[in-house]
Structure formats: structure tokens, C-alpha cells
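Listed below are the residues making up each chain.
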Amino acid sequence: MLASCASGSSSSEEGSSAAVPTSSSAEQSLSSSADNSSKDSAPAKNTIEELGLGDVMPVIEIVTDSKEKDALDFVTKPTAGHVSSSIASWNKGYKKPPEPYYEPCSVSVTDKGGSRLIDSAHANVKVRGNWTTAYDKKPLRIKFDEKQSMLGLNNGSEMKNWVLLAEYKDGSMLRNRSALAMADELLSVDGVYAADSQLVEVTVNGEYFGVYLLTEQPQVNKNRINITEPEEGYEGTDIGYFLEYDGYYYTEDELHGFKIYYNTDASLTPYDGNDGSGRKGTPLSGGQNKVGMSIKSDVYSKAQTDFIKHFVDNVYNIMYYAAYEGKAYIFNDDFSEIYETDSCSPREAVERVVDVNSLADMYIVSELTCDADIYWSSFFMYADFGEGGSRRLTFCNPWDFDSAMGNKDRCASGEGYYAANIVPDVNGNYRTINPWLAVLMYQDWYTDIIREKWTKAYDDGVFERGVSLIETESSTLAPAFERNYDKWDNIIHNDAGNELCRAAAACKTHAECAAYLSEWLQKRIAFMNECWHE
């Protein structure tokens, strides 16, 4: 067992990558990011050998086509436009930085044995993300000109788009890594996609930028979200739709964002182990929760947007009527409306339009990790109306765990029901509930599916391997983590530190951060096993 840092919990719930933080917390977290890029600003032209890299992790080298003095600005200065606008609304002295933009680059990949796997492949690279773009160390997206296999991820699949997560808020740098690994084992049984990942070290123009998590861009692709892609300009509705339950849907164009209303924001009984404790929660909190839906795949017509909007809205209604009224509703032939029927049971009505195995998988992942963004973003699903498509809402692509797993004050003790329970928004202004995870939780047939899945995964060692991954990689990759924190020093001086629970904030070394994560996860697994193991 790794040595642990101090434990405890805090009532602080300020700040998040999920929603707009309060001005007081965000000014403390982000004020330095307007002007700073990193602790080492002097230009450097160093090789992997000179930097002492490649001993424990693969290395990704990014070199800009531009040789101008400001060539590194693309990776150090941009902040997402809606984020900088929010900061500027409360910080009158804040000078808005540029929005993320693609910079032409060449990208090389060297494995830890020194073999060059990719040699100067051309790509465009930019900062990506929401509130994480406001931190000094920023996440990146790589878009290659030609498809590339990256370190054998996703069974060596070749794709153009890849992501480098900065893990700035997560002192262990292992939350996304371990959560994705466990999720992949869980979801793959049902043929549902979860991203693969690998920790790497990154240089840009010879300057060391630290440890990042190389992972997959959430996107429609035969090797990722495998649904029907329309030809450019095609306006028919018989295509695949990749969706995100997303508080930032308003940043999309009118074809790629919409609202749904969850049966007029009807109340749900939270799943808290005590029949809701007499409480009710609503998905939109009477209008306070502004969450909507973003379409993350290509659409070319209002007819397509309206079609998927009405489908998703009515799928939820079918689930709600089955769970709360004991009635079966089904779609008509063109999916334009639903009607009550006695031709099937309420459960069968749900299973016609929802892949309930994928929903149960996502409940387990969400409950296990206690993701602080659960009410707001990074919750994905798809429906495929193309030839051979299932025409069912399928939940997929678990994502974004840097605030989860005991990092923020959500289940900081490792105990308590969370994912289908009433949860606070990031600023404590209202309380809400994830409707997709909550609506079926009092149906015995559905919780039996969850129980069966948990039991099999636990007995197969899925969660034990998640703990082992944390403990193994924190030890074997220690030299790289040390270099990262020599560069950024963001465990002790963490611009996002006010967002953390007390136990996470008390950790002052990478080893302590990893030990806390390991111990938290073991407690969480024990709690869930008591609740869900058959």
C-alpha cells in the first residue's frame, strides 16, 4: 500500500470544469492564467536525450511549422471563448486571450525504448476543452493530415484525431487513466465504446511541457462511435446521431444544439438507498439548470435536428411513463409521436428504444467515480437510424474524470449514493439530478441488470485492476511525474486547489496524491460491493 496523505472532507463545492464558477473562486483559480504560460518561458531547443526523457514513458514531440518567436502562443495563451467571456464578466481588469486556434505542426512519437514510431507526421494542433483551457497547462487536440496509429491504442486503429489531456487539476494524473481503463472493461462486454489511453511526456518546439494523457477524440468513426455517417450535404433523417448531455450546448450552431424538457421537468425520486428520504429532484431545477443537448456528429438540415430532438424527448417520456405511471408508450412508424399501448409491457416499451445494458454500464461508471460534472456535461449517447442501426438510445464514451474519484467534495469519504441522487451544482446555487441515470432506478428489473453487471465485473477483477493500475503506474512512472511537477509545481501551488476537497488538497507530492486516490477507490469499491453484489 502506498503512503497516504492527510484525510478528511470539506464542504467546499466551488469551481469546476463543468459550469461557471463563482467569481471569488474562479479569480483565485484562474487569475494567473491570463498572463502566464508556464514556469519556464525561455525558448529551448532540446532533444529527448538532452531532456532525459523516454526512460519510463513514450514521448510526443510537437514542432510548429512557424519559427517565429510567438510560435508557442497557440499552446500557452488561448482560452475557450465562453470561458474567457465568463471570467471577464466578473473580473473587469481581465484581458481576454485569443480563442483556441489550430497551428500547423509536425508530430513525432517515440516509445520508451527509443524507437521512433511516428516521424514528423504533419498535423494541426490546438488547445481544446472548456474551463481546463483557463489553466496554465492546457489540454490539446491533434488532427493529423493522414490517419495514424498512436502507441497501439484502440487495438492499433489509425485515426486522424487524438487528444492530450493536461490533468492539471488532478495531482495524481491517474483519475482519467484508471476510470477509462475500468470503463472499457465494463462497456466492452456490451460492445459499447470507451476511449483507450496512455500516459506520455510532451515537448513543444523542444520545450518540455510535462506529462499528458494521450486518449481518443470523442467522435463518430468506425473504430469509435460506430454509427451511420451522412455524406456531406445529405439532409435525410436516416443517419446516426452522436449526442452529449451538455450545459454548453448554447455554444453550438443552431443545428447542433437543442433543449429537451424531461416531461415538463417532472420530479424524480432520488436513488439514495433510503427510497429518496421523502425528497424529489427535477432535471432542470425549475429552469435553474440550463443543460441541453449538443449534437457531436454531422447534421446538415433542420429536419435532422428536429427529428433527433423529438426522438430523445420522447424516449425520455417513454422511460418516465414506464417508471412513474406503469404505462407502456411506443413510437409510431415515423418516430414523430408516441402513444399508449397494451401490446407490450412498460419494460418492453423502454427496451424498444433504450439500450438498457449501456445505461446500466454508465450508471456503474458514474456511481463508482462520483463525477462532479454528472448533472451538466460529458455524458454521451447515440442513436443510429441508418441501415442496420438499432434505433435505440445507447449510452457510451464515459469521459472527463479529473474532478471525480474524491478530487472534489463529492462522496469524499468514498461512501454514499451519488449518480442517480440529488446533487449540487458547482456553485451551490441549486440542486438537481441526472434524469437519464435516475428515471429507471426504482424498477426492479433494471436494478437487477445493474446488480448482475456489478457482480460479474467485481468477480472478474475489473475494479481490483483499476486500483492496481494506480499503484503500479504511480510507482513505475515516478521519474516522469517528478519532471512534470518540476515544470508546473501545481500540487503545492495549484491554481485549481480551491476546487478540491480537503483530503485531496492536503496531498503535497505525487505519491501522496496517488495514494489518496488508491485508498479512495478501494473505499468506493467496498461501498458499492455492499450495495450491488449479488
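Conventions used here
Residues numbered from 1 in each chain as written. Predicted model: local features only at pLDDT ≥ 70, side-chain atom pairs only at ≥ 80, totals over all residues. Heavy atoms only, no water. Axes fitted to C-alpha atoms, helices over the stretch in contact; angles between N-to-C directions. Helix = DSSP H or I, 4+ residues; strand = E, 2+ residues; numbered from the N terminus. Parallel < 35°, antiparallel > 145°, perpendicular 65-115°, else oblique. Contact = heavy atoms within 4.5 Å. Nonpolar A, V, L, I, M, F, W, Y, C, P; charged D, E, K, R; others polar. Core = buried A, V, L, I, M, F, W, Y, C linked by side-chain atoms within 4.5 Å. Buried < 20%, exposed > 50% of the residue type's maximum accessible area, 1.4 Å probe, protein only. Disulfide = S-S within 2.5 Å. Salt bridge = Lys/Arg side-chain N within 4 Å of Asp/Glu carboxyl O.

(A) Examining the packing of helix α10 (residues 356-369) against helix α16 (residues 510-532) more closely. Put simply, α10 and α16 touch, their axes get as near as 9 Å, and they point 130° apart. The orientation of α10 relative to α16 falls into the category oblique. For the pair α10 and α16, the contacting residues are Tyr 363, Ile 364, Glu 367, Leu 368 and Thr 369 in the first and Trp 520, Leu 521, Arg 524, Ile 525, Met 528 and Trp 532 in the second. Across the contact of α10 with α16, the residue classes break down as eight nonpolar, one polar and two charged.

(B) Representation of the nonpolar core in the model. Of all hydrophobic cores here, the largest spans 144 residues; its most connected members are Leu 243, Met 293, Ile 308, Phe 311, Tyr 363, Leu 393 and Trp 436. At 12 residues, helix α8 (residues 302-325) tops the list of elements feeding residues into this core. Apart from the residues within four sequence positions on either side, Ile 308 is in contact with Tyr 241, Leu 243, Phe 258, Ile 295, Ala 383 and Phe 385. Core analysis: the next-biggest nonpolar cluster, separate from the first, contains 29 residues, Leu 72, Leu 140, Met 150 and Val 204 among them.

(C) Representation of the state of the cysteines within the structure. The final tally for this structure, using the stated rule, is zero disulfides. Note on Cys 531: no disulfide assigned, nearest cysteine sulfur contributed by Cys 411 at a separation of 11 Å. For Cys 531, a relative accessible area of 21% translates into the label partly exposed.

(D) Seen up close, the pattern of salt bridges. In total, this model carries 23 salt bridges according to the counting rule given. Asp 55 is paired through a salt bridge with Arg 483; the nearest N and O atoms lie 2.7 Å apart. In this pair, Asp 55 sits in the loop between α2 (48-51) and β1 (59-64) while Arg 483 sits in helix α14 (residues 478-488), placing the two residues 428 residues apart along the sequence. The exposure class assigned to Asp 55 is partly exposed, which follows from its relative accessible area of 41%. Exposure remark for Arg 483: the relative accessible area of 17% places this residue in the buried category. Taking the shortest distance from any N to any O, the salt bridge between Arg 224 and Glu 216 comes out at 2.9 Å. One exposure class covers both Arg 224 and Glu 216, and it is buried. Salt bridges sharing partners connect three or more residues here, namely Asp 55, Glu 201 and Arg 483.

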